[in-house]
Amino acid sequence: MIEIVAALVCDGNGHVLLVRKRGTAFFLQPGGKREPGESDLDALARELREELGASIVAGSAKHLGMFEAPAANEPGR
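Read on for a plain summary of the structure. (Residues numbered from 1 in each chain as written. Predicted model: local features only at pLDDT ≥ 70, side-chain atom pairs only at ≥ 80, totals over all residues. Heavy atoms only, no water.)

Section: a nonpolar patch on the surface
Here's step 1: On the surface, a cluster of nonpolar side chains totalling about 670 Å² of accessible area is made up of Leu 8, Val 16, Leu 18, Phe 27, Leu 64 and Phe 67.
Here's step 2: Checked against the element boundaries, Val 16 lands in the loop between strand E1 (4-6) and strand E2 (31-33).
Here's step 3: Its relative accessible area of 43% is what places Val 16 among the partly exposed residues. (Patch = residues over 30% accessible without salt bridge, like charges linked within 9 Å, V, L, I, M, F, W, Y side chains within 5 Å. Areas by Shrake-Rupley, 256 points an atom, 1.4 Å probe, with all protein chains shown as cover. Salt bridge = Lys/Arg side-chain N within 4 Å of Asp/Glu carboxyl O. Helix = DSSP H or I, 4+ residues; strand = E, 2+ residues; numbered from the N terminus. Buried < 20%, exposed > 50% of the residue type's maximum accessible area, 1.4 Å probe, protein only.)

Here's what the structure looks like:
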């Protein structure tokens, strides 16, 4: 099992931000794997900074749930 955090980033017009790793076919929500000892919010902030050069506006993050699905870009997982 792979555990990740992901952001649902929406604008005022209902547009949702998706990203795609170089050389892959799938568009995904920005995010990634937690490092040992990292909280969900810390991992998400780090991933958004690394991937997009973006930061989370204080107080804007909301936990939307936990979900299971086959892993994109991780064959057999």
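Now that the structure has been shown, we can carry on.
With respect to the nonpolar core
Here's step 1: Counting 5 residues, the largest nonpolar core consists of Val 5, Ala 7, Ala 43, Leu 44 and Leu 48.
Here's step 2: The element that contributes the greatest number of residues to this core is helix H1 (residues 40-52), accounting for 3 residues.
Here's step 3: In contact with Leu 48, other than residues within four places in its own chain, are Ala 7, Pro 30, Gly 53, Ala 54 and Ile 56. (Core = buried A, V, L, I, M, F, W, Y, C linked by side-chain atoms within 4.5 Å. Contact = heavy atoms within 4.5 Å.)

A closer look at the side chain of Arg 46
Here's step 1: With respect to the secondary-structure elements, Arg 46 resides in helix H1.
Here's step 2: Judged by its relative accessible area of 8%, Arg 46 falls in the buried class.
Here's step 3: Among the polar contacts listed, one links the side chain of Arg 46 to the backbone oxygen of Lys 33, at a separation of 2.9 Å. (Polar contact = N/O pair within 3.5 Å; in protein donor to acceptor, adjacent residues only side chain to side chain.)

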